[in-house]
Amino acid sequence: MTRHALGRYALRLVSLLAALGLWQLLTGLDVDIWLHFSQFPTVTDVAHAFADRLTGSDYWTDLTDSLTRILSGFLLAAVLGVAVGVLVARSRLAEDLLGPVLEVVRPIPAIALVPVAILLFPSNEQGIVFITFTAAFFPVLVSTRHAVHALTPVWEEAVRTMGGGRWRILGSVVLPGALPGIFGGLSVGIGVSWICVISAEMISGQYGVGYRTWQDYTVVDYPGVFVGMVTIGVLGWVTSTAVELLGRRLTRWLPRTSYVPGGRSRSAVLPVTAPVPGPVVVKAEGDSQYQSDAQQQGSGETEQEARDEHLV
């Protein structure tokens, strides 16, 4: 690991520690300036509650249930979202048949479908997976559709010229070319899935991190509430990072933007006053007429640039 990478990780750690220190300071001093931090648990209270939860079996059961629900719904949404997105983008018939229905259902929040899930599925577990699937399905669908539409037709024509058929085009052009957009939708979908699965567990769940967090709130166990919030944040960060790393792994053939420290572009590194080299003219030693023409051409270009600069 390079020194620059170590510096970045150290900066992120300092940022996190600074946020925790500010939290501890505001809650420890019972600051009540418009915001009532006196009602918040301190960092130490949450840490003690977290340690107590780790030693019990309920915490790990809730963690396992939430992860099972999120992975089941998200993987199903990823497969169907990519498949339907490609189908709608590549087929006018599919777009005419499925497009209106999808566009009507898409604006409905997934958490608003909880009554539908309760009426439709025989168990709460299947209903929560359905809510998680719905939350991730539409971001993946929309990003896949736009990514396929953005592909240049030249690649497809090149495969057709070499004798490739429809499936060859799909596997060699459409899916690889749309991968960056697909993983953009997957990154959004996993975050929305966590929001909806926690909300669904609060409403109709029996186990899970969301259910346990709501139960702690009903019995006024605020350190337990913050334990659930921290757990949700860590799980969301881990799963989002996993999706991002997988996307980078599968799209490693793409060119990456180079990073210049200091927030400057590479062109800004060069001095502004550096002279721009002109074209090198090779001429015979006695060709004075050619030299005169070149000087006149250069002076004419200089005058033209001065007029253009004056107009700007």
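Residues numbered from 1 in each chain as written. Predicted model: local features only at pLDDT ≥ 70, side-chain atom pairs only at ≥ 80, totals over all residues. Heavy atoms only, no water.

Once that is clear, we can look at the overall build of the chain. On a plain count of helices and strands, the chain comes out with 12 helices and 2 strands. The order of α-helices and β-strands along the chain, N terminus first, is α-β-β-α-α-α-α-α-α-α-α-α-α-α. Evaluated residue by residue, the chain yields a buried proportion of 29% over its 312 residues. Pairs at least 24 apart in sequence give 68% of the contacts found in the chain among residues at least 6 apart. Accessible surface computed for the chain: about 20,900 Å², of which carbon and sulfur atoms make up 65%. (Helix = DSSP H or I, 4+ residues; strand = E, 2+ residues; numbered from the N terminus. Buried < 20%, exposed > 50% of the residue type's maximum accessible area, 1.4 Å probe, protein only. Contact = heavy atoms within 4.5 Å. Areas by Shrake-Rupley, 256 points an atom, 1.4 Å probe, with all protein chains shown as cover.)

If you walk through the whole model with that rule in mind, you get 10 salt bridges. Close ionic contact of Asp-221 with Arg-53 constitutes a salt bridge, the shortest N to O distance being 3.6 Å. One end of the pair, Asp-221, is in the loop between helix H9 (209–218) and helix H10 (222–250); the other, Arg-53, is in helix H2 (residues 43–54), and 168 residues separate them in sequence. The class for Asp-221 is partly exposed, based on a relative accessible area of 27%. Where Arg-145 meets Glu-103, a salt bridge forms, and the shortest distance between an N and an O atom there is 3.2 Å. Of this pair, Arg-145 sits in helix H6 (residues 124–149) while Glu-103 sits in helix H4 (residues 92–105), and the two are 42 residues apart along the sequence. (Salt bridge = Lys/Arg side-chain N within 4 Å of Asp/Glu carboxyl O.)

By size, the foremost hydrophobic cluster in this structure holds 51 residues, and its most contacted members are Leu-102, Ile-131, Phe-137, Leu-186 and Trp-194. Of all the elements in the fold, those that place two or more residues in this core are H2, helix H3 (57–90), helix H5 (114–120), H6, helix H8 (166–204) and H10. A total of 14 residues in this core trace back to one element, the largest contributor, which is H8. The residues touching Leu-102, leaving out its near neighbours within four places in the chain, are Val-84, Val-88, Phe-137, Phe-138 and Leu-141. (Core = buried A, V, L, I, M, F, W, Y, C linked by side-chain atoms within 4.5 Å.)

A few words on the packing of aromatic side chains. The final tally for this structure, using the stated rule, is 9 aromatic pairs. Pairing Phe-133 with Phe-137 gives two aromatic rings, centres 5.4 Å apart and planes at 35°, and the pair type is tilted. Highlighted residues: Phe-133 and Phe-137, both in helix H6, separated by 4 residues, approximately one helical turn. For Phe-137, a relative accessible area of 9% gives the class buried. (Phe/Tyr/Trp six-rings, centres within 6.5 Å; stacked < 30°, edge-to-face > 60°.)

On to the side chain of Ser-66. Positionally, Ser-66 belongs in helix H3. Residue Ser-66 is classed as buried on the basis of its relative accessible area, which comes to 0%.

A word on the packing of H3 against H8. A packed helix pair is summarised by two numbers, namely the angle formed by the two axes and the spacing between the axes. Their axes nearest at 8 Å, the elements H3 and H8 cross at an angle of 140°. Comparing the axis directions of H3 and H8 gives the class oblique. In this structure, H3 meets H8 at a crossing whose hand is right-handed. When H3 is examined against H8, the residues Ser-66, Leu-67, Arg-69, Ile-70, Phe-74, Ala-78, Val-82, Val-86 and Arg-90 are found in contact with a partner set consisting of Ile-169, Leu-170, Val-174, Leu-175, Ile-182, Leu-186, Gly-189, Ile-190, Ser-193, Trp-194, Val-197 and Glu-201. (Axes fitted to C-alpha atoms, helices over the stretch in contact; angles between N-to-C directions. Parallel < 35°, antiparallel > 145°, perpendicular 65-115°, else oblique. Left-handed = near helix turned anticlockwise from the far one by under 90°.)

Right, let's talk about the packing of H9 against H10 for a bit. The N-to-C vectors of H9 and H10 enclose an angle of 160°; their axes lie 7 Å apart at closest approach. Here H9 is positioned roughly antiparallel relative to H10, judged by the angle of their axes. Two packed elements cross with a definite hand, and for H9 against H10 that hand is left-handed. Here H9 contributes Val-209, Thr-213, Asp-216 and Tyr-217 to the contact with H10, which in turn contributes Tyr-222, Gly-224, Val-225, Gly-228, Thr-231, Ile-232 and Leu-235.

Time to look at a nonpolar patch on the surface. Judged by side-chain polarity, Leu-13, Leu-16, Leu-17 and Leu-20 come together as a nonpolar surface patch covering roughly 370 Å² of accessible area. Inspection of the secondary structure assignment puts Leu-16 in helix H1 (residues 3–28). (Patch = residues over 30% accessible without salt bridge, like charges linked within 9 Å, V, L, I, M, F, W, Y side chains within 5 Å.)

Looking now at the confidence of the model for the chain. With 81% of its residues at a pLDDT of 70 or more, the chain shows a mean pLDDT of 81. Predicted confidence for residues 265–295 stays below pLDDT 50, and this span has 7 contacts to residues more than four positions away or in other chains. A low-confidence stretch, residues 301–312 stays under pLDDT 50, and its non-local contacts, those more than four residues away or across chains, total 0 contacts. (pLDDT = per-residue confidence, 0-100.)

Once that is clear, we can look at the environment of Asn-124. Within the secondary structure, Asn-124 is located in helix H6. The exposure class assigned to Asn-124 is partly exposed, which follows from its relative accessible area of 33%. As for Asn-124 and Glu-201, which are separated by 77 residues in sequence, their C-alpha atoms are 9.1 Å apart. Sequence-distant contacts of Asn-124, defined by excluding residues within four places in its chain, comprise Ser-204 and Gln-206.

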